[in-house]
Amino acid sequence: MEAHRSDARWWHGATLYQVYVRSWLDTDGDGYGDLAGVIAKLDYLAWLGVDGIWLSPTMPSPDDDWGYDVCDYLGVHPELGTLDDLDRLIAEAAQRGMRILLDLVPNHTSTAHPWFADAISGPDSAHRGFYVWADPAPGGGPPNNWLDATGHSAWAFDEASGQYYLHNFLASQADLNWWEPGVHEAFREILRFWFDRGVAGFRIDVAHGLYKDAELRDDPPSAAGATDRLHSRFGLEPVYSANRPQAHSVFRDWRTIAEGYSPPRLLLGETWVAGLDRMAAFHGQGDELQLTFNFPFIFADFTAPALRGIVADTLAALPAGECPVWAASNHDISRFPSRWGGGDERKARLALLVLATLPGTFVLYYGDEIAMTDVDVPPALRRDRMTSGGLGAAGGRDRARSPMQWDAGPSAGFTAAGAVPWLPYGDHAARNVAAQREDPASVLRLCHDLIALRRAEFGGRIAGYRELPGPPGLWTYRVDGLLVAANFTGGPAALDGPVGPVVASSGHGVLDRGILAPWAGVITRPGSGRVS
Ligand code: GLC
């Protein structure tokens with residue numbers, strides 16, 4: 001058994017893996033994945049070379065937003081398992097050298113949370129101040145123009161008190177009021193509860209959202225088009241309904257708590273913000289979040305100039321010593337083999353080769369490693385309430401949440417024979433773990449080898465990165481002792497000068513006498529020779 005690497009910053013140069021638990025492996029035949037299913041596949045994740053597993057929400061919830069509407073921050077959703085199962089998962093993962101991160105939702109609770117039940121019982125209730133309440137606008141109607149994630153008013157009216165409460169997502173997800181000290185105290189306890197149990201850290205949901213403008217000023221119209229999901233929420237720029245600077249004080253506080261543990265607990269923010277400077281600001285002076293999701297990278301076009309430009313800007317924006325994060329899929333957006341690759345597997349392979357060789361932390365979403373694509377879910381089978389119009393854009397978010405494709409059998413190896421999966425299967429007959437594991441030329445084996453290379457070359461460190469000059473469609477960079485050449489064009493590309501022995505490539509034979517095939521990448525070890 002492999003022990004944890006002792007490095008206190010274990011996520012540097014590491015690979016994290018997001019398990020959307022409901023879609024991973026169903027061990028009790030109810031059609032939903034569960035924690036026992038995560039335990040059952042730990043050997044697979046260890047084989048893949050994963051250092052840390054981020055579990056999508058595991059806490060009790062009415063599931064209006066599949067766990068992002070929490071009604072008990074100190075428990076486990078009964079449909080997923082028990083606290084004992086989670087303890088066992090943490091211990092079993094540790095035995096294999098892997099750590100477990102949970103998803104923490106501090107921006108809002110379910111309206112089924114006891115805090116909200118108390119708050120709505122009346123203006124004098126103990127928890128009234130935990131939520132954002134406001135009187136109607138002077139002429140009646142919602143207090144201001146803020147919009148929720150479905151494009152409707154973010155305010156819900158409470159007849160009994162004549163006031164509105166704020167919900168930036170669904171009406172059953174009431175925003176917490178971070179101006180209230182009791183909320184801070186409650187979350188400190190929640191952090192400690194899980195850290196004490198051995199949870200290695202949190203992915204922090206809506207990290208940019210916690211504080212709202214104290215005066216509840218209207219959000220201004222956005223200059224960006226309505227489809228620009230980083231700058232615009234249905235035509236408004238969320239500068240008062242979210243993105244308030246006070247959130248930084250929360251993360252400084254949490255960082256202090258995280259640093260009180262050994263190794264320090266990890267805070268990874270869902271920083272859904274437009275500018276890289278704003279993303280970088282969540283690192284503070286190296287005293288806030290250790291890691292932040294890079295949405296400008298995620299939403300970039302799949303071209304060499306776009307991606308390498310964002311990489312350069314990211315490295316320039318982050319404070320010295322801070323670690324960038326490279327991910328391309330998650331449960332809210334189209335999977336990258338579809339979004340970037342259009343189903344062309346060469347592009348998915350190229351993307352994986354680049355993602356795995358950039359300096360910092362690499363985050364895979366389940367199925368990325370076999371190049372799972374979006375699944376067209378017919379309207380009658382859709383399960384996501386939010387994306388009829390909002391967050392997920394065309395096609396909704398269900399398309400990226402289909403069951404993991406373990407094998408070619410009728411239930412994809414996901415659930416019992418005959419059980420109905422909570423979302424329909426994708427192309428598991430053609431694309432699955434079992435077949436790809438056997439096939440040395442598969443995407444899965446490529447991904448496995450890239451992760452192994454990454455760990456060997458720059459595990460425990462943030463590698464040094466230097467872009468090399470070249471034609472616009474060819475992205476060439478040094479990363480520590482390696483040279484990466486990535487051809488983002490549909491034509492062959494000539495590599496300039498000797499590149500050294502090939503260490504890995506996105507496919508067999510993609511480099512032939514200095515010519516790199518279309519949509520292909522290669523990693524070489526130039527040694528001390530000329531590289532450009
Ligand atoms: C985040 C989550 C998303 C959820 C929303 C509200 O964006 O990733 O799935 O719907 O927050 O919690």
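Rules of the game
Residues numbered from 1 in each chain as written. Predicted model: local features only at pLDDT ≥ 70, side-chain atom pairs only at ≥ 80, totals over all residues. Heavy atoms only, no water. Helix = DSSP H or I, 4+ residues; strand = E, 2+ residues; numbered from the N terminus. Rg over C-alpha atoms; globule rule 2.2 N^0.38 Å. Buried < 20%, exposed > 50% of the residue type's maximum accessible area, 1.4 Å probe, protein only. Contact = heavy atoms within 4.5 Å. Areas by Shrake-Rupley, 256 points an atom, 1.4 Å probe, with all protein chains shown as cover. Lys, Arg positive; Asp, Glu negative; His and termini not counted. Charge placed at Lys NZ, Arg CZ, Asp CG, Glu CD. Pairing = 2+ DSSP bridges. Axes fitted to C-alpha atoms, helices over the stretch in contact; angles between N-to-C directions. Near = heavy atom within 4 Å. Polar contact = N/O pair within 3.5 Å; in protein donor to acceptor, adjacent residues only side chain to side chain. Nonpolar A, V, L, I, M, F, W, Y, C, P; charged D, E, K, R; others polar. Phe/Tyr/Trp six-rings, centres within 6.5 Å; stacked < 30°, edge-to-face > 60°. Lys NZ or Arg CZ within 6 Å of the ring centre and 35° of its normal. Salt bridge = Lys/Arg side-chain N within 4 Å of Asp/Glu carboxyl O. Expected span 1.5 Å × (residues − 1). Arc of directions from axis to C-beta. Parallel < 35°, antiparallel > 145°, perpendicular 65-115°, else oblique. Left-handed = near helix turned anticlockwise from the far one by under 90°.

Engineer: Hey, could you run me through the overall build of the protein chain in this one?
Structural biologist: Assigned secondary structure in the protein chain consists of 13 helices and 21 strands. Its C-alpha radius of gyration of 23 Å places the protein chain within 12% of the 24 Å reference for a compact globule of 532 residues. Oriented by its inertia axes, the alpha-carbon framework of the protein chain measures out at about 75 × 50 × 45 Å. With 532 residues in all, the protein chain has 60% of them scored as buried. Across the protein chain, contacts joining residues at least 24 apart in sequence account for 69% of those joining residues at least 6 apart. As presented, the protein chain carries roughly 18,600 Å² of accessible surface, and 54% of it is formed by carbon and sulfur atoms. Of the charged side chains in the protein chain, 44 are positive and 65 negative; the average position of the first set lies 7 Å away from that of the second.

Engineer: Help me out: how do you make sense of the sheet that holds strand β18 (residues 502-505) in this one?
Structural biologist: Paired through their backbone hydrogen bonds, the strands of a sheet run either parallel or antiparallel. Pairing in this open sheet of five strands is antiparallel, and the strands run β14-β15-β16-β21-β18 from one edge to the other. What marks the edges here is a single partner per strand, and that holds for β14 (465-468) and β18. When strand polarity is set aside, the average angle formed by the axes of neighbouring strands in this sheet is 20 degrees. Bridge analysis of strand β15 (residues 474-479) against strand β16 (residues 482-487) gives six bridges, and the strand direction is antiparallel. Paired with R478 across the strands is L483, a residue of β16. Docked against the sheet, helix α9 (residues 304-317) engages β14 and β15, running at close to 30 degrees with respect to β15.

Engineer: I keep staring at the site of the ligand and nothing clicks. Help me out?
Structural biologist: Around the ligand, a shell composed of 14 residues is seen, among which D65, D205, E270, H331 and D332 lie nearest. Contact between the ligand and D205: an oxygen atom at 2.8 Å from a side-chain N or O atom of the residue. Within the contact set of the ligand, an oxygen atom lies 2.9 Å away from a side-chain nitrogen or oxygen of R397. Within the complex, 98% of the 300 Å² of free accessible area of the ligand lies under protein. Taken together, the residues of the shell around the ligand sort by class into four nonpolar, three polar and seven charged.

Engineer: Looking at this structure, I do not really get the packing of aromatic side chains. What am I missing?
Structural biologist: We describe a pair of aromatic rings using the distance from one ring centre to the other and the angle between the two ring planes. According to the stated counting rule, one finds 44 aromatic pairs in the structure shown. The interplanar angle of 85 degrees and the centroid separation of 5.8 Å between the aromatic rings of F297 and W340 together place this pair among those described as edge-to-face. In this pair, F297 is assigned in helix α8 (residues 295-298) and W340 in the loop between α10 (336-339) and α11 (345-357), connecting sequence segments 43 residues apart. For the pair F297 and W340, a shared accessibility class is recorded, and that class is buried. Centroid distance F302 to W519: 6.1 Å. Interplanar angle 15 degrees. Geometry classified as stacked. Of this pair, F302 sits in the loop between α8 and α9 while W519 sits in the loop between β20 (515-516) and β21 (521-524), placing them 217 residues apart in sequence. Across this residue pair, the class does not change: F302 and W519 are buried. Grouping aromatic residues by their ring pairs yields a cluster made of F297, F302, W326, F336, W340, Y465, W475, Y477, F488 and W519. Cation over ring: R335 sits above Y366, and NZ or CZ is 4.6 Å from the ring centre.

Engineer: Can you help me understand the pattern of salt bridges in this one?
Structural biologist: Oppositely charged side chains can form a pair if their charged atoms are brought close together. Going through the model one piece at a time under the given rule, you end up with 31 salt bridges. R188 is the salt-bridge partner of D253, the closest N and O atoms lying 2.7 Å from each other. Of the two residues, D253 is situated in helix α6 (residues 247-259) and R188 in helix α5 (residues 181-196); the sequence distance between them amounts to 65 residues. Close ionic contact of R308 with E467 constitutes a salt bridge, the shortest N to O distance being 3.7 Å. In this pair, R308 is assigned in helix α9 and E467 in strand β14, connecting sequence segments 159 residues apart. R308 sits in the buried class, given a relative accessible area of 12%. Each member of the salt-bridge network shares a partner with another, and the members are D65, D332, D384, R397 and R401.

Engineer: Where do I start with the side chain of H331 in this structure?
Structural biologist: Inspection of the secondary structure puts H331 in the loop between β12 (325-327) and α10. A polar contact is formed between the side chain of H331 and the side chain of Y68, at a distance of 3.1 Å. In this structure, H331 is in contact with Q18, Y20, W54, Y68, R203, Y365, R397 and R401, ignoring residues within four places of it in sequence.

Engineer: How should the environment of G343 be read in this particular structure?
Structural biologist: Looking at the secondary structure, you find G343 in the loop between α10 and α11. If sequence neighbours within four positions are ignored, G343 has contacts with P337, S338 and T373.

Engineer: Can you help me understand helix α3 (residues 83-95) in this one?
Structural biologist: Each α-helix winds once per 3.6 residues, and so residues spaced three or four apart point in a common direction. For α3, which comprises 13 residues, the first-to-last C-alpha distance of 19 Å matches the rise-based estimate of 18 Å (1.5 Å per residue) to within 8%. Taken together, the buried positions of α3 are occupied by D85, L86, L89, I90 and A93. For α3, the arc enclosing every buried residue in end-on projection is 140 degrees, short of the 170-degree limit, so these residues lie on one face. Among the structural elements, α1 (35-40), α2 (42-48), β2 (52-55), β3 (99-104) and α5 are those in contact with the buried residues of α3.

Engineer: It is not clear to me how the packing of α5 against α6 should be interpreted in this structure. Could you clarify?
Structural biologist: Two elements in contact, α5 and α6, have axes separated by 11 Å at closest approach and are oriented at 30 degrees. Judged by the angle between their axes, α5 and α6 are roughly parallel. As α5 packs across α6, the resulting crossing turns out to be right-handed. Here α5 contributes H184, F187, R188, L191, R192 and F195 to the contact with α6, which in turn contributes V250, D253, W254, I257 and A258. Along the lines of polarity and charge, the residues of the contact of α5 with α6 split into seven nonpolar, one polar and three charged.

Engineer: Would you mind showing me how to read α9 here?
Structural biologist: Here α9 is 14 residues long and its end C-alpha atoms lie 20 Å apart, about the 20 Å a rise of 1.5 Å per residue gives. For α9, the complete set of buried residues consists of A304, L307, R308, I310, V311 and T314. Projection of α9 onto a plane perpendicular to its axis shows the buried side chains occupying an angular sector of 155 degrees, all on one side. Lining the buried residues of α9 we find α7 (276-281), α8, β12, β14 and β15. Where α9 begins, the side chain of T303 points an oxygen toward the backbone nitrogen of A306, at a separation of 3.1 Å.

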